[in-house]
Amino acid sequence: MEWTTCDYLVVIVNYRTPQRTIDCLEELSSEVSKIPNTCVVVVDNDSQDQSCELISSHIAERGWPWAFALQAPKNGGYAYGNNYAIRQALASDSPPDYFHLLNPDTEVREDAMVILRDFLEERPNVGIAGGCFENPDGSLWRIAFRFPSILSEIDRGLKLGVVTKLLSDHIVPKEMSDQIEQVDWLPGASMLVRRAVFETAGLMDETYFLYYEETDFCLSAKRAGWECWYVPQSRVMHIAGDSTGVTSRDTKPKRAPQYLLDSRRRYFVKNYSIFYAAAADAMWIVCFALWRLRRKIQRKEDTDPPQLLWDSMRNSVFVKRRSTP
């Protein structure tokens, strides 16, 4: 089987989580046969810890003809790792119809892939679909997202109930129900993309090292005329922040890494202009400073990433004009 010419291609980007990736493959082993001509390719982002060798060895031991491991020449980030496989597949004589981007710290549940594939098959105007996530304890994490904006930055900074209520239609995280719904963007941890989306909107922007790349990609897809839908019947267990610890839901956040700050700045500058980015930065910094003052006065628990206000100021467009890392 040639992975570049399969009909349904699952792409997993690994970076120093070989056992997570192997566990993910084990869960996929019972699902790949449900969609004819399905392949799974693991791209190791130059882990330098024998990840690729361990994963390749496990694939060989299990005798999986549908699974493949590739060694990328560098750790270029999430978009780079996905594009490393997608670009090769798109260049083949018979590229896949669908690309399923999947994190290594996930476990697909029964028929999760089939449900998303069937949803896109029945709706030619839909380019991207994703499902409902489960936490490791089995509870559901029903989440999708709106595109970030100046208004969402005001709410994110102030953390004030009355403001949150007034700006409820602009808050980035969107609590979902058990109903299918069109959304702005979905987590890249499990995202099914129609091939035509890459052909019309382009690949993911590799100047994002990590974070905001799927937001940017979904916005590009929308501007190219594609819809993005949340399909909760498709379920995937996801350990959020397993590799970075940045988005972990169970521990206090770590200090925001430089690549996250770079990605946020790039997203606003690239998609809306430097003037819009400046306004978003100003609103976020002022509102977050007010929240920090209120938190101290009211003696509320500090759950913010360390030094976030300072890091936000020094990484704003007022200090750093360049939008690329």
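To be clear, the structure that these remarks concern was listed above.
Heads up: these notes are all about the structure in this document. (Residues numbered from 1 in each chain as written. Predicted model: local features only at pLDDT ≥ 70, side-chain atom pairs only at ≥ 80, totals over all residues. Heavy atoms only, no water.)

### Brief notes about the environment of A277
Link 1 in the chain: With respect to the helices, strands and loops of the structure, A277 is situated in helix α10 (residues 274-297).
Link 2 in the chain: By relative accessible area, A277 is classed as buried at 1%.
Link 3 in the chain: Ignoring anything within four residues of it in the chain, the contact list for A277 reads F268, V269 and V317. (Helix = DSSP H or I, 4+ residues; strand = E, 2+ residues; numbered from the N terminus. Buried < 20%, exposed > 50% of the residue type's maximum accessible area, 1.4 Å probe, protein only. Contact = heavy atoms within 4.5 Å.)

### Remarks on helix α2 (residues 51-62)
Structural remark: α-helix, 3.6 residues per turn; residues separated by three or four positions point the same way.
Link 1 in the chain: Spanning 12 residues, α2 covers 17 Å between terminal C-alpha atoms, matching the ideal 16 Å at 1.5 Å per step.
Link 2 in the chain: Where the residues of α2 are buried, they touch β1 (8-14), α1 (18-28), β2 (38-44) and β3 (67-71).
Link 3 in the chain: Looking one or two residues past α2, G63 carries a phi angle of roughly 65°, positive in sign. (Expected span 1.5 Å × (residues − 1).)

### Observations concerning the packing of helix α9 (residues 258-272) against α10
The relative placement of two packed helices is expressed as an angle between their axes plus a distance between the axes.
Link 1 in the chain: Interhelical geometry of α9 versus α10 gives an angle of 140° and a closest axis separation of 7 Å. What the angle tells us is that α9 and α10 run oblique. In this structure, α9 contributes R264, F268, V269 and Y272 to the contact, and α10 contributes I274, Y276, A277, A280, D281 and W284.
Link 2 in the chain: Looking at the contact of α9 with α10 residue by residue, the classes come out as eight nonpolar, no polar and two charged. (Axes fitted to C-alpha atoms, helices over the stretch in contact; angles between N-to-C directions. Parallel < 35°, antiparallel > 145°, perpendicular 65-115°, else oblique. Nonpolar A, V, L, I, M, F, W, Y, C, P; charged D, E, K, R; others polar.)

### Observations concerning unusual backbone geometry
Link 1 in the chain: Backbone geometry at D111 places phi at a positive 65°, although glycine is not the residue there.
Link 2 in the chain: Mapped onto the fold, D111 is located in the loop between β5 (106-108) and α4 (112-122).
Link 3 in the chain: Accessibility expressed as a relative area gives 29% for D111, which makes it partly exposed.
Link 4 in the chain: Even without glycine at this site, Y211 takes up a positive phi of about 80°.
Link 5 in the chain: Structurally, Y211 can be placed in the loop between α7 (195-201) and α8 (213-223).

### Comments concerning the packing of aromatic side chains
Link 1 in the chain: Within this structure, the stated rule accounts for 17 aromatic pairs.
Link 2 in the chain: Residues Y80 and Y84 carry aromatic rings whose centres are separated by 6.2 Å and whose planes lie at 40° to one another, so their mutual orientation is tilted. In this pair, Y80 and Y84 are both assigned in helix α3 (residues 78-90), four residues apart and thus about one turn of the helix distant.
Link 3 in the chain: The class of Y84 is partly exposed, set by a relative accessible area of 23%.
Link 4 in the chain: Here F119 and W229 contribute two aromatic rings whose centre-to-centre distance is 5.9 Å and whose plane-to-plane angle is 50°, an arrangement assigned as tilted. Here W229 lies in strand β12 (residues 227-238) and F119 lies in helix α4, a separation of 110 residues in the sequence. Take F119 and W229: they sit in the same class, and that class is buried.
Link 5 in the chain: Taken together, Y212, Y267, F268, Y272 and Y276 form an aromatic cluster joined through their ring pairs.
Link 6 in the chain: Between K74 and the ring centre of Y80, over which it is positioned, the NZ or CZ distance is 5.1 Å.
Link 7 in the chain: In this arrangement the basic side chain of R156 is found over the ring face of W284, its NZ or CZ atom lying 3.8 Å from the centre. (Phe/Tyr/Trp six-rings, centres within 6.5 Å; stacked < 30°, edge-to-face > 60°. Lys NZ or Arg CZ within 6 Å of the ring centre and 35° of its normal.)

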